[in-house]
Amino acid sequence: MILCAGEALIDMLPRETADGPGFYPATGGAVFNTAIALGRLGAPVGLHTGLSTDLFGTRLADALAASGVTDRTARSDRPTTLAFVTLTDGQAEYAFYDEGTAGRMLSPVDAPDMRGVTALFVGGISLAVEPSAQAYEGLALGHQNLPLMIDPNIRPDFIANPVTYRARLDRLLGAADIVKLSDEDMAWLGTDPAEVLARGARIVLLTEGSKGATAITAEGKIHVPAIRAEVVDTVGAGDTFNAGVLAGLHRAGALTKATRDADALRTALELGVAAAAITVARAGANPPWAEELNLADAES
């Protein structure tokens, strides 16, 4: 099972109503979206996060169950994190309301059941705030026997302490086997794929929107162009891409710490790009199901 560890929240998506502009509460969060997408693509997947017992937390839990995601969450009566979304030409920007929430207040003592876990995915805004960041870092660094994928998914406006955050990312990037970065992530970090590989990563995944995605390894580069789509919004696109890559590698038996299978990596990239193209063509983070991509029957 691939265990995804990070935030689950409610995206407040802009909507026009009869009374004027409003917001629609949709399930979301970068790591939550990746877990949902993995489940829909037929990969065995679980989610570890801090989840509220409030009405939004119940909605998040129901969504996990509906997409076949194993629930390894820590429950509390604290509120659910909210992310208000604004869209400019389909590109999403976020304002987070996160103080004292179930997700943010997850701590290292809330460690998940690791039985059956064969790979870890960590990332999202949960790496930027305390104490949840400590919990997720401890989980990742405490299980370095497992293949680890990191997507920092950097939101600069959400980072209260850039020095602490950069130090944490340095440690995590040094431990990761697969690192996914957007061009914006690299600009903020002041790094490049060669430097990330030099720290120990085996694969760097670079996403560049309409230009497609590139996997960079010590052996070379594999580029897959983007698939043309009528973009509704980009919410969840990168998260779905992550899931496609992980699901593709898992299906090929190549989701290991030593994977260097170029054919499997290309196929996984193609799945990630195809899945993301479907997500951007519909509102919110609504990843595709396996049958929409003509995949074989879901794996158990």
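Bear in mind the structure is a predicted one, so any value in this text is a computation, not a measurement.

**Digging into the side chain of arginine 104**
As for its placement among the helices and strands, arginine 104 is situated in the loop between strand E9 (91-97) and strand E10 (119-123). Classification of arginine 104 as buried rests on a relative accessible area of 17%. At a separation of 3.4 Å, a polar atom in the side chain of arginine 104 contacts the main-chain carbonyl oxygen of glutamate 130. The contacts of arginine 104, once residues within four sequence positions are left out, are Asp98, Glu99, Val129, Glu130, Pro131 and Ser132.

**Observations concerning the pairing of strand E13 (residues 203-207)**
Of all the five residues making up E13, five are buried; the element is thus mostly covered by neighbouring parts of the structure. Residues Ile203, Leu205 and Thr207 line one face of E13 and the alternating positions Val204 and Leu206 line the opposite face, and both faces are buried. Sheet topology note: the strand E12 (residues 178-182)/E13 ladder contains five bridges and is parallel. When the sheet's bridge partners are listed, valine 179 is paired in E13 with valine 204. Looking at chain direction, E13 and strand E14 (residues 213-217) are connected through four bridges and run antiparallel. When the bridges of E14 are listed, leucine 205 appears paired with alanine 215.

Cut-off values and rules
Residues numbered from 1 in each chain as written. Predicted model: local features only at pLDDT ≥ 70, side-chain atom pairs only at ≥ 80, totals over all residues. Heavy atoms only, no water. Helix = DSSP H or I, 4+ residues; strand = E, 2+ residues; numbered from the N terminus. Buried < 20%, exposed > 50% of the residue type's maximum accessible area, 1.4 Å probe, protein only. Polar contact = N/O pair within 3.5 Å; in protein donor to acceptor, adjacent residues only side chain to side chain. Contact = heavy atoms within 4.5 Å. Pairing = 2+ DSSP bridges.

Geometric descriptors of this kind do not, in isolation, establish any biological role.
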